[in-house]
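Below are the chains, spelled out letter by letter.
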Amino acid sequence: MRGDRLLSLVLLLQARPSAAAPELAERLGVSVRTVLRDVEALSGAGIPVYTERGRGGGIRLLDTYRTGLAHLSHAEGAGLAVGQSRLAGDLGLGDALDTALEKLTGAGGRALRGGLAEGRSHVLVDVDPWMRSGEPVPHLPAIHEGLLRGRRLRLVYRDSRDERETRTVDPAGLVAKAGIWYLVTAEPALLRVARVEACEALPDRAARPPGFDLAEAWAALREGVESRPRQLSVTVRVQPAAAAMARRLLARHLRGPAAGTDRWELAFNGVAHAVGSLIGLGPRVEVLDPAPVRAAMREAALAVAALYQAGENG
C-alpha cells in the first residue's frame, strides 16, 4: 500500500542524514521514479523533504522533523514482540528493553498494541542451543559499557587451555551466536566473554580502526574458526541403539562413515576437547584409539564415579 511505503520512506530518511534515490528504491522495492514521485507527494503533504543535487547530494528530511508512531501496523507490532530479551538481559538492558517496548506501545495505535500482544503470545525466541544452558557472563555489562564509551579494557582471561593471562584489548564489538557472547577486538581477534574473569575500563581511548565493519570482521573470524583444522583423530565404537543421537551430537567431528558400521573416525582439537565432547555420552560411545584419549576418558569417568561414591559415603 502506498501509505505504508510513504511512512517507510519517512522513517528511512529519519535514520540517515541523506540517502540517494537508487538506495531508497532498493530498500523499498520500487523504482527510482516511484521514489521521486513519493518525495513530491510527501512535500505536497507538508512534510519537509527535499532533494540536493551534485556530489554528496541526495534526498533529505529536515533534521527537526519527527514523526509519531500512531500508524505502525499490526504486523510491525508483532515484529517488535520478537525481541531478544535474554540477550538484552545479559547486557544489563532487560529493563530498558521492556520500558522501550512499553513506550512504543503507548505511543502507537490499536493495531500496534494488538500486534505486539499477539506476537508475544504466539512467538518465543530462545537463543540457546539444545543441551546447553546459558553460560554465565557476569562481566558482559562492564565490557559493553567500556565498548560504548570507547575505552581500552584490561581483562583477566582464561583461554581454552585453562590458562589465565591479563590482556589489554581495544574492544570493537560484541556478537551473540547461539546464546554465546563473543568480544571482537580491533586486531581483530575473538574472545569468549564467559572466559573473562575480571574487566577494568582504562582511561585510554580504544583504537578502533577507521571504517571498521563489525559484520565483516565477524564473518572473517567465524570462517577462521569453522575452517580450523582438527589435529587429533579419534576412533570410537558406537552402540547401535545410540547411533542416531551420537550422529546428531558429533556431526561436526565426524570424519569417517557414520552408517553401516559401529566404528567411527572423529576429529578434535586435542585430548581435552575430545574428552569434553565424549564423556557425556557415557557407555554409549567407547574410545578405541588413540591410547592417550582412552586413558583420559578413563580418568574422567573414575573422577565422576569417585565424586558420587564420596557423596554416598558422606
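As the structure is a prediction and not an experimental result, all values here were calculated from the model.

S.K.: What is the right way to read the overall build of the protein from this model?
M.R.: Of the regular secondary structure elements, the protein holds twelve helices and eleven strands. Taken over 314 residues, the protein has a buried fraction of 33%. The long-range fraction of contacts in the protein, counting pairs at least 24 apart against all pairs at least 6 apart in sequence, stands at 61%. As presented, the protein carries roughly 19,200 Å² of accessible surface, and 53% of it is formed by carbon and sulfur atoms.

S.K.: When you look at the sheet that holds strand E11 (residues 285-289) in this model, what are you seeing that I'm missing?
M.R.: Across a sheet, strands are paired by hydrogen bonds formed along the backbone, either parallel or antiparallel in direction. Pairing within the open sheet is antiparallel, and its three strands lie in the order E10-E9-E11. Where the open sheet ends on each side, the last strands, each with one partner, are strand E10 (263-268) and E11. Sheet twist, expressed as the average angle between the axes of neighbouring strands with direction ignored, equals 40 degrees. The sheet contact formed by strand E9 (residues 232-238) and E11 spans four bridges and is antiparallel. Paired with Thr235 across the strands is Asp289, a residue of E11.

S.K.: Explain the pairing of strand E6 (residues 180-185) here, please?
M.R.: Put simply, side chains in a regular strand alternate between the two faces of the sheet. Within E6, six of the six residues are buried, leaving the element largely enclosed by the surrounding structure. Side chains Ile180, Tyr182 and Val184 project from E6 onto one buried face, and the interleaved Trp181, Leu183 and Thr185 project onto a second face that is buried too. Adjacent in sequence and paired antiparallel, strand E5 (residues 171-177) and E6 are bridged by two residues, among which Ala178 carries a positive phi angle near 50 degrees. By the bridge criterion, three bridges tie E6 to strand E7 (residues 190-192) in an arrangement that is antiparallel.

S.K.: How do you make sense of the nonpolar core when you look at a structure like this?
M.R.: Looking at soluble globular proteins, one finds that nonpolar side chains tend to be buried together. Among the nonpolar cores identified, the biggest contains 19 residues, and Val234, Val236 and Leu278 are the most heavily contacted of them. Mapped onto this core, the elements with two or more residues apiece are E9, helix H10 (243-249), E10, helix H11 (271-278), E11 and helix H12 (291-313). Among the elements that take part in this core, E9 stands out by supplying four residues, more than any other. Once residues within four sequence positions are removed from consideration, Leu278 is found in contact with Val234, Val236, Leu250, Leu266, Phe268, Val285, Val287 and Met297.

S.K.: What's the story with the environment of Val285 in this structure? I'm lost.
M.R.: Mapped onto the fold, Val285 is located in strand E11. Remark: the alpha-carbon pair of Val285 and Asp262, spanning 23 residues in sequence, is separated by 9.5 Å. With near-sequence residues (within four places) excluded, Val285 lies in contact with Val236, Arg237, Val238, Ala246 and Leu278.

Rules used throughout
- Residues numbered from 1 in each chain as written.
- Predicted model: local features only at pLDDT ≥ 70, side-chain atom pairs only at ≥ 80, totals over all residues.
- Heavy atoms only, no water.
- Helix = DSSP H or I, 4+ residues; strand = E, 2+ residues; numbered from the N terminus.
- Buried < 20%, exposed > 50% of the residue type's maximum accessible area, 1.4 Å probe, protein only.
- Contact = heavy atoms within 4.5 Å.
- Areas by Shrake-Rupley, 256 points an atom, 1.4 Å probe, with all protein chains shown as cover.
- Pairing = 2+ DSSP bridges.
- Axes fitted to C-alpha atoms, helices over the stretch in contact; angles between N-to-C directions.
- Core = buried A, V, L, I, M, F, W, Y, C linked by side-chain atoms within 4.5 Å.

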